[in-house]
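Residue strings, one per chain:
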Amino acid sequence: MKRHMWMVLALGLGLMTPGCILTSGQIQIDFALPNFTGNSVTGIDGTTIALTTEKEYKDNKDKLKALSDLAVLGKFPNNSATPVNVTVWMTRTESAYTTETGLMSDPTLVQLWGPFSVAGNATTVIDWNKSAQLFTVAGKAALLNEAKTDGNFSLYAIGPSGQAYDFTVANGALVLVIDVGI
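Position labels on residues start from 1 in each chain and follow its written sequence. Residue-level local features of this predicted model are given only where pLDDT is at least 70; pairs of side-chain atoms are given and counted only at 80 or more, and the full residue set underlies all totals for whole chains, interfaces and linings. Side-chain numbers come from the whole structure's heavy atoms, not from hydrogens or water.

Asks: Describe in detail the nonpolar core, supporting the description with residues and values.
Replies: To define a nonpolar core, start from buried Ala, Val, Leu, Ile, Met, Phe, Trp, Tyr and Cys residues and group those joined through side-chain atoms within 4.5 Å. Residue exposure (1.4 Å probe, protein chains only): buried if accessible area is under 20% of the type maximum, exposed if over 50%, otherwise partly exposed. Membership of the largest hydrophobic core comes to 44 residues, with the highest contact counts inside it found for L112, W113, L143 and L174. Only DSSP runs of H or I reaching four residues or more are called helices, and only runs of E reaching two or more are called strands; each is numbered from the N terminus. Secondary-structure elements contributing two or more residues to this core are β1 (24-32), β5 (64-77), β6 (84-91), β7 (109-118), α5 (137-148), β9 (152-158) and β10 (166-181). Here a residue-residue contact requires only that any non-hydrogen atoms of the pair lie within 4.5 Å. Here L174 is in contact with I29, D30, F31, L33, I49, A71, V72, L143 and F153, once residues within four sequence places are set aside.

Here's what the structure looks like:
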């Protein structure tokens, strides 16, 4: 018991010592994504993200220091018998493209993560660990920039250009872990 009392006292003194004030922390923002599709014949869907609708983001935007971790999570059912490689792209402005050609011509386009393979008539679930391996350096930088500026951008998932594909993004979420300082 005496040993524990000394630890508590030492920790308390450390917090009261000048220069040892807690000045940073992390917040996690979970942004639910609607279900959307990627189909080379009927068109692509995307979703617009407005971080400003999230209370945690609004409360801490002015203190944002870095993006320490991030994930795009969800289920990716392949609706065709042909395997498909899925890539997630981000436009740095709000957009509503319905064709891959239109999306690829956007000057603000950046590859966020991927590709990853989904077998024919199968579903691939992307969890935190799988997602971490799929992010590109440019994608992370673009997301951090968007979080520091207006917080509005759009996400799209598409298959390989020139190939037939048909998949769905279901139960998706964009999760950002942001370092903040006081």
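Asks: Help me get a handle on the packing of aromatic side chains, residues and values and all.
Replies: Planes of paired rings set the category: under 30 degrees apart is stacked, over 60 is edge-to-face and the rest tilted, where pairs are Phe, Tyr or Trp rings (Trp by its six-membered ring) whose centres lie within 6.5 Å. Scanning the model with the defined rule gives six aromatic pairs in all. Here F76 and W113 contribute two aromatic rings whose centre-to-centre distance is 6.2 Å and whose plane-to-plane angle is 70 degrees, an arrangement assigned as edge-to-face. Remark: W113 occurs in strand β7 and F76 occurs in strand β5; sequence separation between them is 37 residues. The burial state of F76 is the same as that of W113; both residues are buried. By way of ring pairs, the aromatic residues F76, W113, F116 and F135 are connected into one cluster.

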